[in-house]
Amino acid sequence: MKDNIFLRIWHFYYEGFSSMTLGRTLWAIVLVKLFIMFAILRVFFFQPTLTGTDYEKAEQVRANLVIGEKQ
């Protein structure tokens, strides 16, 4: 009987990385980088710029489009 395709993929990667000399260290680096990208950078650099009601948001967009056309 064939295993589930996802289970076979999991075993493939698990066995491959567990036999590596630096496998756990590399995974730790990957996880730390993902945490930095999605948790820290999102909070400080990618904050929502549009606030208020739908009408106020539309006015902000409209004002930015009009300013962008004059330049």
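Refer to the structure above for everything that follows.
Before going into details, it helps to say that this report is about the structure given with it.

With that settled, the discussion passes to the pattern of salt bridges. Using the criterion set out here, one finds 1 salt bridge in the structure. The salt bridge involving Glu59 is made with Arg62; its shortest N-O contact spans 2.4 Å. Of the two residues, Glu59 and Arg62 both sit in helix α3 (residues 54–70), 3 residues apart, roughly one turn of that helix. Given the relative accessible area of 31%, Glu59 is considered partly exposed.

Quick look at helix α2 (residues 23–45) now. Here α2 spans 31 Å end to end across 23 residues, near enough to the 33 Å set by a 1.5 Å rise per residue. The principal kink in α2, of about 30°, is found at Ile36.

Inspection of the entire model under this criterion finds 2 aromatic pairs. Arranged with centres 5.9 Å apart and planes meeting at 25°, the rings of Trp10 and Tyr14 form a pair that is stacked. Taken together, the residues Trp10 and Tyr14, both in helix α1 (residues 5–18) and 4 residues apart, mark about one turn of the helix. For the ring pair Phe12 and Tyr13, a centre distance of 5.2 Å and an interplane angle of 85° mean the geometry is edge-to-face. On the basis of relative accessibility, which here comes to 58%, the residue Phe12 falls in the exposed class. Residue Tyr13 is classed as partly exposed on the basis of its relative accessible area of 46%.

Conventions adopted
Positions within a chain are numbered from 1, following the residues in the order the chain's sequence is written. Totals for whole chains, interfaces and linings use every residue, but because this is a predicted model, local features are given only for residues with pLDDT of at least 70 and side-chain atom pairs only at 80 or more, for both listing and counting. To get the side-chain values, all heavy atoms of the structure are used, and hydrogens and water are removed first. Here, a salt bridge means any side-chain nitrogen of Lys or Arg that lies within 4 Å of a carboxyl oxygen of Asp or Glu. Numbering of helices and strands runs from the N terminus, with a helix taken as a DSSP run of H or I at least four residues long and a strand as a DSSP run of E at least two residues long. Here's how the labels work: a residue is buried when its accessible area is under 20% of the maximum for its type, exposed when over 50%, partly exposed in between, all with a 1.4 Å probe on protein chains only. One less than the residue count of a helix, multiplied by 1.5 Å, gives the span that helix is expected to have. Note on bend: at a given residue it equals the angle between the axes fitted to the 7 residues ending there and to the 7 starting there. For Phe, Tyr and Trp, where Trp contributes only its six-membered ring, two rings pair if their centres lie within 6.5 Å, and the inter-plane angle classes them as stacked under 30 degrees, edge-to-face over 60, or tilted in between.

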